[in-house]
Amino acid sequence: MNGTITTDHVAPDPSGPADAGESKLVVDSVTVEYKTRKGTVHAVSDVSLDVPRGSTLALVGESGCGKSSLGRAMLQLPRPTAGSVRVDETDLTTLSGSALKQARKMIQMVFQDPISSLNPRRTVRDIVAEGLEIQGVEGGRAEIRRRVDAALESVGLDPEHAGGRRPSEFSGGQCQRIALARALVLEPEVLVCDEPVSALDVSVQAQILNLLEDMKERYRLTMVFISHDLSVVHNIADQVAVMYLGTVCEVADTEALYRAPAHPYTMLLISSAPTLGGTLADTLGEAAISATSSELPSPLNPPSGCRFRTRCPRATELCATERPQLVDIAPGHKVACHHPLEEN
Ligand SMILES: Nc1ncnc2c1ncn2[C@@H]1O[C@H](COP(=O)(O)OP(=O)(O)OP(=O)(O)O)[C@@H](O)[C@H]1O
């Protein structure tokens, strides 16, 4: 297997260079709630994000903080409880039926567990073709076959060898390549990757991350990369949004976030992120902090004010009464904290 890219099926973005800087994906005041027998789960609460065309935004935070719920809400899977999601000028939250089906081509998702995300009874070609069949393609079956084979080649799979086989005959890394081909065959402009490497062996993770990078550059994809691991997103994200219990507590360009985190929770995450050369906290020296409690409050009943206050060593009364807003502290750097850390 190799990562050679041979496809020509995805049209280049006609609207200009990848670094044009205008918004491609805008998430505006999105809330996701689940009604359960125990009460309402506040999975995502009033989150706004802006992802420039051709860039990668990483969404990071502990398990259960709402990353997947937010990622799925971007695709209307399901539609968020409140708020809007726009790709260019198209507000996906106002669409339904065939209009939503058509618009879904623009935004695709790759899931964490590649093996269970693929239908075990279908062949690889059928799996990759499914989206095209739902959408309908001019040129019929021959064109679908051509595009499916090109997509498989683009992710480093030989269509003749792989096309007729079933997912169980492939490794986790190869299944993630199939899942990526299934997303790319629709020529999306935005790709949401939900923990795309965390179920894979460490040795395979780098290959899939490199492949994602190749695909992103080649097709000028705008990417949302969901991960619980700050050390994974370090090299691939342009911007990082840190989530805690359904809210975004800090968003910054990657370099600024790692060099000078302003939210105590971001500092806590960085302090505990394993990297190749020790911990990122080493580079931050004594500024690293520890949480006052390791217990994550329940999203059924999140704390008043700042949701991190029950674990925050800097919390005051103000934090219990007033929810901190996400405000600019430097160009491209926003934090939601009443007592942010000073730049060190
Ligand atoms: N369909 C659902 N019904 C009820 N609660 C849900 C549902 N999906 C997610 N949740 C809850 O919503 C909260 C956010 O979950 P979500 O999966 O979005 O977080 P996450 O940060 O992606 O976590 P993980 O990395 O573990 O998937 C969690 O408390 C979770 O248990």
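What you see is a predicted model, and the numbers here were worked out from it, not measured in a lab.

Draft legend 1. Quick peek at the overall build of the chain. A count of helices and strands for the chain gives 12 helices and 14 strands. Residues classed as buried in the chain amount to 43% of the 344 residues present. Contacts spanning at least 24 positions in sequence make up 66% of the contacts within the chain whose residues lie at least 6 apart.

Draft legend 2. Expanded view of the site of the ligand. Contacts to the ligand come from 14 residues, most closely from Tyr34, Ala43, Ser63, Ser68 and Ser69. For the shell around the ligand, the secondary-structure elements that each account for two or more residues are β1 (23-36), β2 (39-52) and α1 (67-74). Of the residues forming the shell around the ligand, the biggest block, three residues, is contributed by α1. Residue classes in the shell around the ligand are distributed as five nonpolar, eight polar and one charged.

Draft legend 3. Here's a closer look at the sheet that holds strand β9 (residues 239-244). Strand order in this open sheet of eight strands is β6-β7-β8-β3-β9-β10-β14-β13, and the pairing throughout is mixed. Strand pairing shows two members of the sheet lacking a second neighbour, β6 (107-110) and β13 (327-330), which therefore form its edges. Direction aside, neighbouring strands of the sheet carry axes that sit 25 degrees apart on average. Judged from the five bridges that link them, strand β7 (residues 190-194) and strand β8 (residues 222-227) form a sheet pairing that is parallel. Within β8, the residue paired with leucine 191 across the bridge is methionine 223. Of the strands in this sheet, β3 (56-60), β9 and β10 (247-253) touch helix α10 (residues 264-271), which is tilted by about 105 degrees from β9.

Draft legend 4. Spatial organisation of the sheet that holds strand β5 (residues 90-91). Pairing within the open sheet is antiparallel, and its four strands lie in the order β2-β1-β4-β5. With one partner strand each, in any of the chains shown, β2 and β5 form the two edges of the open sheet. Contacting β1, β2 and β4 (82-87), α1 runs over the sheet at an angle of about 120 degrees to β1.

Draft legend 5. Quick look at the nonpolar core. If you look at the biggest cluster of nonpolar residues, it comprises 92 residues, and the most contacted ones within it are Val128, Ala181 and Val242. The biggest single contributor to this core is helix α6 (residues 172-184), with seven residues. When we break this core down by domain, the ones giving at least three residues each are domain 1 (23-237) and domain 2 (260-335).

Draft legend 6. View of the UniProt feature "domain: ABC transporter" (unreviewed entry) in the chain. Within this structure's numbering, the places UniProt gives as "domain: ABC transporter" (unreviewed entry) are residues 25-270. Across residues 25-270, helical content stands at 38% and strand content at 27%; the span's end C-alpha atoms are separated by 27 Å.

Draft legend 7. Molecular detail of unusual backbone geometry. A cis amide bond links leucine 77 with the next residue in sequence, proline 78, at an omega value of -5 degrees. Tracing the backbone shows proline 78 in the loop between α1 and β4. One non-glycine residue, leucine 245, lies in positive phi territory at about 45 degrees. Relative to the assigned elements, leucine 245 resides in the loop between β9 and β10.

Draft legend 8. Geometry of the packing of helix α3 (residues 124-135) against helix α4 (residues 140-154). Close contact between α3 and α4 brings their axes to 9 Å; oriented N to C, the two are set at 125 degrees. Here α4 runs oblique to α3, going by the angle between their axes. The crossing of α3 and α4 is right-handed. Between α3 and α4, the contacting residues are Arg125, Val128, Ala129, Leu132 and Glu133 on the first element and Ile144, Arg147, Val148, Ala151 and Leu152 on the second. Of the residues belonging to the contact of α3 with α4, the class tally is seven nonpolar, no polar and three charged.

Draft legend 9. Region of the structure containing α1. By the criterion of burial, α1 is predominantly enclosed, with eight of the eight residues buried. Within α1 the residues assigned to the buried category are Lys67, Ser68, Ser69, Leu70, Gly71, Arg72, Ala73 and Met74.

Draft legend 10. Examining the packing of α6 against helix α7 (residues 202-219) more closely. Axis separation between α6 and α7 bottoms out at 10 Å; the angle between their running directions is 15 degrees. As summarised for this structure, α6 and α7 are arranged roughly parallel, according to the angle between their axes. Handedness of the α6/α7 crossing: right-handed. For the pair α6 and α7, the contacting residues are Gly172, Gly173, Gln176, Arg177, Leu180 and Leu184 in the first and Val204, Gln207, Ile208, Leu211 and Met215 in the second. Its residues placed into classes, the contact of α6 with α7 shows six nonpolar, four polar and one charged.

Draft legend 11. Geometry of the pairing of β4. Strand direction decides the pairing type here: β1 and β4, joined by five bridges, are antiparallel. In the strand pairing of β4, aspartate 28 is matched with serine 84. Note that β4 and β5 share two bridges and pair antiparallel. Of the residues in β5, the one forming a bridge with valine 87 is threonine 90. Hairpin connection from β4 to β5: two residues lie between these consecutive antiparallel strands, with aspartate 88 at a positive phi of about 50 degrees.

Cut-offs and rules
Residues numbered from 1 in each chain as written. Predicted model: local features only at pLDDT ≥ 70, side-chain atom pairs only at ≥ 80, totals over all residues. Helix = DSSP H or I, 4+ residues; strand = E, 2+ residues; numbered from the N terminus. Buried ≥ 20, exposed ≤ 12 C-beta atoms within 10 Å, placed from the backbone. Contact = placed C-beta atoms within 7 Å. Near = placed C-beta within 6 Å. Nonpolar A, V, L, I, M, F, W, Y, C, P; charged D, E, K, R; others polar. Pairing = 2+ DSSP bridges. Axes fitted to C-alpha atoms, helices over the stretch in contact; angles between N-to-C directions. Core = buried A, V, L, I, M, F, W, Y, C linked by C-beta atoms within 7 Å. Domains from an automatic or database assignment. UniProt positions renumbered as here; feature names shortened; annotations may be inferred. Parallel < 35°, antiparallel > 145°, perpendicular 65-115°, else oblique. Left-handed = near helix turned anticlockwise from the far one by under 90°.

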